Protein chains: 4
Amino acid sequence: MPDTQRRQPPLANDQRAQLETLYEEMRPRHLYPLWEVLSALVTHEPQTRAVPAKWAYGDVRGYLMRAGDLISAEQAERRVLILENPGLPGESAITPRLYAGLQLVLPGEVAPCHRHSQSALRFIMEGDGAYTAVDGEKAFMKQFDLILTPNWRWHDHGNPSNNPIIWLDGLDIPTIRALDAQFAERLGQPSHPESEPAGSNRAKFGRGLRPLRAGSVRAEIPREPLFHYPYADWSASLEALAASELPDPHIGHALEFLNPTTGGAVMPTISAHVRLLPAGFETRVRRSTESAVFTVIEGAGDVQIGDETYTLSPRDMVVVPSWAATRWRADTKLVLFTYTDRVVQEKLCLYREHCE
Amino acid sequence: MPDTQRRQPPLANDQRAQLETLYEEMRPRHLYPLWEVLSALVTHEPQTRAVPAKWAYGDVRGYLMRAGDLISAEQAERRVLILENPGLPGESAITPRLYAGLQLVLPGEVAPCHRHSQSALRFIMEGDGAYTAVDGEKAFMKQFDLILTPNWRWHDHGNPSNNPIIWLDGLDIPTIRALDAQFAERLGQPSHPESEPAGSNRAKFGRGLRPLRAGSVRAEIPREPLFHYPYADWSASLEALAASELPDPHIGHALEFLNPTTGGAVMPTISAHVRLLPAGFETRVRRSTESAVFTVIEGAGDVQIGDETYTLSPRDMVVVPSWAATRWRADTKLVLFTYTDRVVQEKLCLYREHCE
Amino acid sequence: MPDTQRRQPPLANDQRAQLETLYEEMRPRHLYPLWEVLSALVTHEPQTRAVPAKWAYGDVRGYLMRAGDLISAEQAERRVLILENPGLPGESAITPRLYAGLQLVLPGEVAPCHRHSQSALRFIMEGDGAYTAVDGEKAFMKQFDLILTPNWRWHDHGNPSNNPIIWLDGLDIPTIRALDAQFAERLGQPSHPESEPAGSNRAKFGRGLRPLRAGSVRAEIPREPLFHYPYADWSASLEALAASELPDPHIGHALEFLNPTTGGAVMPTISAHVRLLPAGFETRVRRSTESAVFTVIEGAGDVQIGDETYTLSPRDMVVVPSWAATRWRADTKLVLFTYTDRVVQEKLCLYREHCE
Amino acid sequence: MPDTQRRQPPLANDQRAQLETLYEEMRPRHLYPLWEVLSALVTHEPQTRAVPAKWAYGDVRGYLMRAGDLISAEQAERRVLILENPGLPGESAITPRLYAGLQLVLPGEVAPCHRHSQSALRFIMEGDGAYTAVDGEKAFMKQFDLILTPNWRWHDHGNPSNNPIIWLDGLDIPTIRALDAQFAERLGQPSHPESEPAGSNRAKFGRGLRPLRAGSVRAEIPREPLFHYPYADWSASLEALAASELPDPHIGHALEFLNPTTGGAVMPTISAHVRLLPAGFETRVRRSTESAVFTVIEGAGDVQIGDETYTLSPRDMVVVPSWAATRWRADTKLVLFTYTDRVVQEKLCLYREHCE
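Residues numbered from 1 in each chain as written. Chains lettered and ligands numbered in written order. Predicted model: local features only at pLDDT ≥ 70, side-chain atom pairs only at ≥ 80, totals over all residues. Heavy atoms only, no water.

**Side note on the sheet that holds strand 8 (residues 137-140) of chain A**
All names here are of chain A. Strand order across the open sheet formed by five strands is 8-7-10-5-12, with antiparallel pairing between neighbours. The two strands at the open ends of the sheet, each matched to only one other strand, are strand 8 and strand 12 (184-186). Put simply, the sheet's adjacent strands are angled 25 degrees from each other on average, direction ignored. Across four bridges, strand 7 (residues 131-134) lies against strand 8 in antiparallel orientation. Considered in strand 8, the bridge of Tyr131 is made with Phe140. (Pairing = 2+ DSSP bridges. Helix = DSSP H or I, 4+ residues; strand = E, 2+ residues; numbered from the N terminus. Axes fitted to C-alpha atoms, helices over the stretch in contact; angles between N-to-C directions.)

Spelled out as structure tokens, the structure:
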């Protein structure tokens, strides 16, 4: 099937009329002429419906706290504001593959235990001391920690602290929907019985180690055994990286979060990494087929996405659509967290990037 | 995020009003309350928009031949009728991941050389002697051959024979669109210069062998080096398989087409296989998350997909949506060809099937 | 640990004496001074004990037929003459990783069914109509066929034909011995009950296909499902390859035998391929860390291995040790079969080759 | 090829004589009768030449310090005592695949920079403050740290501290020798120029992260990027593991050291792990095809290997040959470090273990 730079010979008027008659007759049989839509189906370059956008943290937080006053966690089941891409109205999606939401959990609230085929990450924006439990092991949250709740793992949340906690929910909902592979179920009790002491996943898988047992070992280990990546760890590593290399001209200093049992992306459908741009650093323009959600952890600067430029302050959230020409600029040292669908594109042999 | 069996406490009327006010104010900021849509986002089981459907070959062929009279190959660029799923109007898709079309190439017609990131297969329904050339190596078609034109490989077609040729085009267009990873280009000349004698791909990769050269070998070999799977080969294998085992109770005798350099699916986004159901054999009910397009090569019978039952005659085409309960019945020996998105679901750790 | 170009400072005489005293005292404790042996332990380049050698087929055949007169199959269990590398006396090895033997099976003889952790191949040198059965599926031999009996698969042989059959046995015996991983057992009955019709492995796995069943498929398939590579197939492919490319300057035209479910070597410890050198073609000099056994299928020429040059006639057998500089010359079209330990070296990240 | 439980029919005397004559004539042609050696070549179970053995740390240390007085580092190049298996005299090997030595580096000594195809690990037995530099990045040693110098990476050592340092050298020398794949070279200057600050490998790869750069990323990263596994990390993880699970009945609590970019063994030819047996715990009997070197980090107990029993004190070293029935007993909490050839056996599909 071709792209359509080439000009086809024009149709004669009567030919057009006869074709329309044919189309009319075929329509009830669910048959359509490719030649009328070919140019839209096979394009030179990605033609995404998603557009760039930014959400200022302060705005979103204000609405979220108001929702906290208006509706209880029990009523809301999840008190989350969806960040919806302006180009994807009604799809509850921030990109065609990714979902983003900002969740508020007030002191004393809990979210009942369940599991689903969607892969999820939460990146903590505010507050300490709440937890996510994965298959009964709690991970206690500190600001800017990354916590995973992978595909089909039981999880529940709670906030035993005295302060509200707000996190960024990142999921692959649109991907799973596009694949018609949604499954979900409840545990039937509010929380999973404790299976391991808090922190076991990091002790067992977070330091270049893995448990070994006699006989056939591999089976016992979940596909994504490490699910808590604390800010204290990744920020120290990112600073060390920045001290040991020149920044990449297109992305600055960057560290990808790994599944330590494969060396690959943290989850089968979501990649995640952090970046550090030194004060005054400006990247060159880059495009890639992945779509990405960014949030600012520290610093100030701006980002140009296609024709739009957005100023950046801590906790602001930005979405970069596929193939959008993107340039980052750091006024002060700028630290970013991002999650994308890159791993999906790589597994399907579709990932491309273009660095100017 | 939960499924929604559980009943949340009801909202008070004034509460509802205040929420509506909040929603109004948030909308311009592209913020939406998850709790209003949660049940639609995270479901117990796949909720595909696709529906089962059947296209009788005779009908489609009739319209296709009329199109052949009405529009030239040059005008049409590709003379193809799209089989569009009745549940996906306007999407030019037979399932949310797959495209299907029936293409007519009249004697003497050619299709100019191009390449794209969509992976394509063609399954020959009628006629002998046309060819597809992949990177300049021709594969001459016989009825019921499978020919691949993988992602980003140059390909052109021609029909030097005296009879019209009709094939089933199977592509991953909706998948590539959902991933915003469409790229395409023209060669700029009608056909690719001949690179290898016809049949080289089968000689070099189709018999449990691969070329070896001194130094680092792997690089030179394309990702899908084998692209022609003749009917004479696969049907002999399928008959031999049927003679050597009891049929699988859910799918009968089945042989998957392989990429011989990986042992995996024929292409990164499309799986394909053939089936043989002995005369009188009826399968048990099976569901899987993959979506599948079937065509009948030989025999008669019927298939029940969800609540619909379709009688089957040679060359009829049927689509089975994700998770649809499916049961096949063979009146006479029934041979089927099918292509699906299973490989995508497996790579993303989402594939499931349920066998009753 | 270093290599030893560098000169260490010399030892004083009294120092030497005191060291000798220390060595004496340590010896009963199984402690030895590294510095006395370092230069032998860590060398610049491979220092193999194996040497190049050739066995003229006629000679070996003569002895083998005499053995046939002198000892029965039942008495011999296997009537095989081991080709032992002159550099490895008493090791029953043709290279430090590989075994080679020439086996004679007379009309009516059988070899009882057993299995072992050694991987074996047999390359048929003479005679048609004998068989090897693997897990109860017979492969009927024709001259120059390749037949595998992989690690831990039940196998038995028989010669129902009226002519003696002679094949080259290629095994990894020295590798398995070096790894202390030898296991073997008898079936307890002369032959395995027939499991599949002869040729099933080729029908199911030899044509770019693999059987598919509902539910979790992969488990049922043996690790090396394809075990018969007929001469008729590989020679046609090799001729086609030779017609479609320029010969590689170091190895000519070459086709590796594949495991079609992985795209890798035919067995986990043995790689095998065939080569064709056009009449008059002479290769450049090449070295590699693999050790290799070659036999001539067709043609005449010679091979220079290090300082030795051997003339080549049909069915002659030659061994090329690791890192030996090798150059091949074809007087007439020269076709070769070879098996090596390359796959082992690649898996352990040790494989190297040097092409002049 | 069979095992040899079965009795072959006996040979008649004259038959034996004629065979001897045949053997005489064949010998100069390097041809040998398989039937005379078959039972030794293919055995029921591993028949290793290695034997169990123990080296009491105090003894070895005494000899090593004496060597320190007698010979300078410059004279010795490496001041190492080889632990040689009593069953492998003259082979400088502790098992048929592994080498072990105890190295002494006195204050102020350095070892010049070189690289080789042997993979090496060093486990620190005594002393703090020395370093190993890998490709110019220093890892400063503390007691019981594990440090890798993988295949073909430049490395040099130095001891700027005021105390002697002693470490256990674990290498794959016999494996590389058996594969004839030895390569080595010197840098030509005493030490590699500093490439990265000390600890960079841990910051970049030791915490579930990996550096990411624009364009094709993977290439830049060495095959084993993490080379320093500090005692402080692994011991904390091992204690946490012991607190969170019941000990495995055959190996107790165990953590394997990983290559975080693959999830596999630390090096392509060597696996390593640590174990903790609670006070009073006794394992069941286990055999495996791997051969293993153990050293005691903490505690007291004993180990029964085949018919031998050895009492265990801190820093004692024990070798367990392939397939030896082994049972461990802890009087006090017993912590062990071990390295083995398991990864080689697994890659070659030869690994087996038997748990009673």
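**Some words on the pattern of salt bridges**
A side chain of one charge can pair with a side chain of the opposite charge if their charged atoms are brought near each other. Scanning the model with the defined rule gives 108 salt bridges over all chains in all. Between Arg97 of chain A and Asp341 of chain A there is a salt bridge, with its nearest N and O atoms 3.1 Å apart. Note that Arg97 of chain A is positioned in the loop between strand 3 (80-83) and strand 4 (99-105) and Asp341 of chain A in the loop between strand 24 (334-340) and helix 8 (342-347), a separation of 244 residues in sequence. The exposure class of Arg97 of chain A is buried, given its relative accessible area of 1%. Since its relative accessible area comes to 0%, Asp341 of chain A is described here as buried. In this structure, Lys204 of chain B engages Glu196 of chain B in a salt bridge whose closest nitrogen and oxygen atoms are separated by 2.7 Å. Residue Lys204 of chain B is classed as buried on the basis of its relative accessible area, which comes to 10%. (Salt bridge = Lys/Arg side-chain N within 4 Å of Asp/Glu carboxyl O. Buried < 20%, exposed > 50% of the residue type's maximum accessible area, 1.4 Å probe, protein only.)

**Observations concerning the UniProt feature "domain: Cupin type-2" (unreviewed entry) in chain A**
Residue and element names in this part refer to chain A. The UniProt feature table records "domain: Cupin type-2" (unreviewed entry) at residues 102-169 and 274-332. Across residues 102-169, the secondary structure splits into 0% helix and 57% strand, with the terminal C-alpha atoms separated by 6 Å. Here residues 274-332 is 0% helix and 56% strand, with 16 Å between the C-alpha atoms at its ends. (UniProt positions renumbered as here; feature names shortened; annotations may be inferred.)

**Side note on the relation of the copies chain C and chain D**
In the superposition of chain C on chain D (RMSD 0.0 Å, axial shift 0.0 Å), the rotation amounts to 180 degrees. In the structure described here, the two chain copies are related by an operation that fits a two-fold rotation axis. For chain C, the minimum C-alpha distance to the rotation axis belongs to Lys347 of chain C and amounts to 3.3 Å. Most of the interface of chain C is mirrored in chain D, where 100% of its interface residues again form contacts. (Least-squares fit on C-alpha atoms with pLDDT ≥ 70 in both. Contact = heavy atoms within 4.5 Å.)

**Quick notes on the interface of chain C and chain D**
With 91 residues of chain C in contact, the opposing surface of chain D contributes 91 residues. Summed over both partners, the interface of chain C with chain D comes to about 8700 Å²; 61% of that surface belongs to carbon and sulfur atoms. Remark: the boundary between chain C and chain D carries four salt bridges. With its nearest N and O atoms 2.9 Å apart, the salt bridge here joins Glu25 of chain C to Arg66 of chain D. The interface formed by chain C and chain D includes 35 residue pairs in polar contact (both at pLDDT 80 or more). Within the side of chain C that touches chain D, the residues separate by chemical class into 48 nonpolar, 23 polar and 20 charged. As paired strands, strand 1 (residues 31-33) of chain C and strand 3 (residues 80-83) of chain D are joined by three bridges and run antiparallel to one another. What sits directly across from Tyr32 of chain C, in strand 3 of chain D, is Ile82 of chain D. (Buried area = accessible area lost by both parts, 1.4 Å probe. Polar contact = N/O pair within 3.5 Å; in protein donor to acceptor, adjacent residues only side chain to side chain. Nonpolar A, V, L, I, M, F, W, Y, C, P; charged D, E, K, R; others polar.)

**Structural notes on the packing of helix 3 (residues 57-70) of chain A against helix 1 (residues 13-26) of chain B**
Taken N-terminus to C-terminus, the directions of helix 3 of chain A and helix 1 of chain B make an angle of 170 degrees; their axes are 10 Å apart at the nearest point. With respect to each other, helix 3 of chain A and helix 1 of chain B are oriented roughly antiparallel. Across the interface between the two elements, Tyr63, Arg66, Ala67 and Leu70 of chain A of helix 3 of chain A pack against Gln15, Gln18, Leu19, Leu22, Glu25 and Met26 of chain B of helix 1 of chain B. Residue composition of the contact of helix 3 of chain A with helix 1 of chain B, grouped by class: six nonpolar, two polar and two charged. (Parallel < 35°, antiparallel > 145°, perpendicular 65-115°, else oblique.)

**What about the domain arrangement of chain A?**
One frequently used descriptor of interface size is the decrease in accessible area upon assembly of the parts. Residue and element names in this part refer to chain A. Looking at the assigned domains, one finds that chain A contains domain 1 (53-205) and domain 2 (231-355). In this structure, domain 1 and domain 2 have C-alpha centres spaced 22 Å apart. Our count for the contact surface shared by domain 1 and domain 2 stands at two salt bridges. The salt bridge partner of Asp316 is Lys54, with a shortest N-O separation of 3.6 Å. Counting only elements with at least two residues in the side of domain 1 that touches domain 2, the list comes to strand 2 (53-55), helix 3, strand 4, strand 6 (120-126), strand 9 (146-149), strand 11 (165-171) and helix 6 (200-205). Looking at the side of domain 1 that touches domain 2 element by element, the count peaks at five residues for strand 6. (Domains from an automatic or database assignment.)

**Remarks on the packing of aromatic side chains**
Under the defined criterion, the tally for this structure stands at 48 aromatic pairs over all chains. Ring geometry for Trp323 of chain A and Phe183 of chain B: centres 4.9 Å apart, planes at 80 degrees, overall edge-to-face. Of the two residues, Trp323 of chain A sits in the loop between strand 22 (317-320) and strand 23 (326-330) while Phe183 of chain B sits in the loop between helix 5 (173-178) and strand 12 (184-186), which places them in two different chains. Pair check on accessibility: Trp323 of chain A and Phe183 of chain B agree, each one buried. Here the aromatic rings of Phe337 of chain C and Tyr339 of chain C are separated by 6.4 Å at their centres, their planes lie at 35 degrees, and the arrangement is tilted. Taking relative accessible area as the criterion, Phe337 of chain C reaches 1% and is therefore assigned buried. Chaining the aromatic ring pairs together yields one cluster made of Phe123, Phe144, Tyr229, Tyr231, Trp234, Phe257, Phe337 and Tyr339 of chain A. One cation-aromatic arrangement involves Arg315 of chain A over Tyr57 of chain A; the distance from NZ or CZ to the ring centre is 5.7 Å. Arg352 of chain A extends its terminal NZ or CZ atom over the ring of Phe183 of chain B, reaching a point 4.0 Å from the ring centre. (Phe/Tyr/Trp six-rings, centres within 6.5 Å; stacked < 30°, edge-to-face > 60°. Lys NZ or Arg CZ within 6 Å of the ring centre and 35° of its normal.)

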